[in-house]
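Results of the structural survey
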Amino acid sequence: MSVFDDLVGQEAVAGGLRAAAAAASALLAGDEAAGKRMTHAWLFTGPPGSGRSEAARAFAAALQCPDGGCGHCTSCHQVLGGTHADVLYVRPSGLSFGVDSTRDLVLRSASRPTGGRFRVVLFEDADRATEAASNALLKAVEEPAPRTVWLLCTPTAEDMLVTIRSRCRQVVLRTPPTRAVVDALVNRDGIDPATADEAARSAAGRLDRARRLAIDDEARRRRSEILAMPARLDGTGACVTAAARLYELAEAEAKATTSALDETEKADMKAAFGEGATGKGVAKAVRGAAGALKDLEERQKRRATRLKRDSYDTALTDLLLFYRDVLAVQFGSGVELSTGANRADLERIARSSAPEATLRRIDAIMRCRARIDANVHPQIALEAMTSALYQG
């Protein structure tokens, strides 16, 4: 068992990271020649669901593990569990990561490891760093402390400043093949093969999405409703109705996710400040929690905005896959269809329109994503998109 065994369909990446972890051990032992295969800054890139964050975390565990990521020692368990004292985990809760937070991160990264072999900074969604934050990050990546390693995760290398990515060694992950996702769902999650196969094809290689579709009935219901919409766009009224329903579905999914997280975090913070306890000084401590709770609520608001964007993006991605499959049917391609359960709708739309119209519809979905990212009200952006889908 190794920490790299969880990298589904990424055998080449896992092999390269194992070699780098071995080089890091050689470097600590004083073998500078062998240590040249190790570097202080890494950029993990790959499409959503490829496992770039998981790869970075596995590499962080391998760097802290004397055996290069055995998967069963204390260091491996702590890194994978997010509790290792010498691994700084950073995931922006909002839509962006500001310069003040980055400067604080840079300062913390410069300290020597307290008990581990390296001081590792694992920065997920590093592309959310603002321009000022990226400039502050550049200096740390350019001249890090001797035993500090930066692991940055972004969808593409172009999402980072060229000056940052030129100082990083790139690790490029691919979309896992369907067979690898099916095996992971069956062997690790105990999902029956038929359900795992359907979920893997529906998720188009995204392991996290496949796992959710396999175990969450509500997620499957929402996806089925979204995929049924293109066949119902038969007029302006239907376009407005479809946009309103897409908006409702995305908002409901985001709210369900955030409410559970918010309540748990608030309860944990109140308990930490002594709410419900008795004794001297408890009342004063509880009153002092007001400021901390206010800061928590602000962070939760930013996270809620990000999760809403993620919910819209998931719904639009499902529509994108539908029209990609329409295009495949129109050209008679033998590729695997992610929306094969809607075969009748796919064939009807394919027969009633030309490939050029399908490409325009795909462009309309991409424009909608860009407009939502640019802070256009989602329902307005969705109405414009559904009208374009109807018109072709």
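Let me sum up the structure you'll find in this document. (Residues numbered from 1 in each chain as written. Predicted model: local features only at pLDDT ≥ 70, side-chain atom pairs only at ≥ 80, totals over all residues. Heavy atoms only, no water.)

1. Here we look at the overall build of the protein
Within the protein, the regular secondary structure consists of 16 helices and five strands. Against the compact-globule benchmark of 21 Å for 392 residues, the protein has a radius of gyration of 24 Å, which places it among compact chains. Viewed in the frame of its principal axes, the protein has a C-alpha envelope of about 70 × 60 × 45 Å. Per-residue burial for the protein yields a buried fraction of 47% across its 392 residues. Contacts in the protein between residues at least 24 apart in sequence constitute 70% of all its contacts with a sequence separation of at least 6. For the protein, the computed accessible surface area is about 19,000 Å², with 52% contributed by carbon and sulfur atoms. (Helix = DSSP H or I, 4+ residues; strand = E, 2+ residues; numbered from the N terminus. Rg over C-alpha atoms; globule rule 2.2 N^0.38 Å. Buried < 20%, exposed > 50% of the residue type's maximum accessible area, 1.4 Å probe, protein only. Contact = heavy atoms within 4.5 Å. Areas by Shrake-Rupley, 256 points an atom, 1.4 Å probe, with all protein chains shown as cover.)

2. A short note on the pattern of salt bridges
This model, assessed by the stated rule, comprises 30 salt bridges. Here arginine 91 and glutamate 124 are joined by a salt bridge, their closest N and O atoms 3.3 Å apart. Placement of the pair is arginine 91 in the loop between strand E2 (87–90) and helix H5 (99–109) and glutamate 124 in the loop between strand E3 (119–123) and helix H6 (131–142), with a sequence separation of 33 residues. Linking arginine 212 and glutamate 253 is a salt bridge whose minimum nitrogen-to-oxygen distance equals 3.1 Å. Pair noted here: arginine 212 is in helix H10 (residues 207–215) and glutamate 253 is in helix H12 (residues 236–272), with a separation of 41 residues, a long-range link. Here glutamate 253 falls in the buried class, since its relative accessible area comes to 11%. (Salt bridge = Lys/Arg side-chain N within 4 Å of Asp/Glu carboxyl O.)

3. Here's the deal with the packing of H5 against H6
Contact geometry of H5 with H6 gives a least axis separation of 8 Å together with a crossing angle of 15°. The angle between H5 and H6 falls in the class roughly parallel. For the element pair H5 and H6, the recorded crossing hand is right-handed. Contacts between H5 and H6 involve Val99, Thr102, Arg103 and Val106 from the former and Ala132, Ala133, Ala136, Leu137 and Ala140 from the latter. Class assignment for the residues of the contact of H5 with H6 results in seven nonpolar, one polar and one charged. (Axes fitted to C-alpha atoms, helices over the stretch in contact; angles between N-to-C directions. Parallel < 35°, antiparallel > 145°, perpendicular 65-115°, else oblique. Left-handed = near helix turned anticlockwise from the far one by under 90°. Nonpolar A, V, L, I, M, F, W, Y, C, P; charged D, E, K, R; others polar.)

4. Quick notes on the packing of helix H8 (residues 178–189) against helix H9 (residues 193–203)
Where H8 meets H9, the closest approach of the two axes is 9 Å, and the angle between their N-to-C directions is 135°. In terms of their interaxial angle, H8 and H9 are classed as oblique. Handedness of the H8/H9 crossing: right-handed. Contact residues: Thr178, Val181, Val182, Leu185 and Val186 in H8; Pro193, Ala196, Asp197, Ala199, Ala200 and Arg201 in H9. Residues of the contact of H8 with H9, tallied by class, amount to eight nonpolar, one polar and two charged.

5. A closer look at the nonpolar core
By size, the foremost hydrophobic cluster in this structure holds 35 residues, and its most contacted members are Leu17, Trp42, Phe44, Phe59 and Leu151. Elements with a contribution of two residues or more to this core: helix H1 (11–28), strand E1 (41–45), helix H3 (52–64), helix H4 (74–81), E3 and strand E4 (148–154). A per-element tally of this core places H3 first, with eight residues. Setting aside residues no more than four positions away along its own chain, leucine 17 makes contact with Phe4, Trp42, Phe44, Ala55, Phe59 and Val171. Of all hydrophobic cores here, the second largest spans 31 residues; its members include Leu246, Ala315, Leu316 and Cys368. (Core = buried A, V, L, I, M, F, W, Y, C linked by side-chain atoms within 4.5 Å.)

6. Here we look at the side chain of serine 50
Looking at the secondary structure, you find serine 50 in the loop between E1 and H3. Within the local environment of serine 50, its side chain forms a polar contact with the backbone oxygen of proline 47, the two atoms lying 2.7 Å apart. The residues touching serine 50, leaving out its near neighbours within four places in the chain, are Gln10, Leu173, Arg174 and Pro176. (Polar contact = N/O pair within 3.5 Å; in protein donor to acceptor, adjacent residues only side chain to side chain.)

In short, geometric facts, not functional conclusions.
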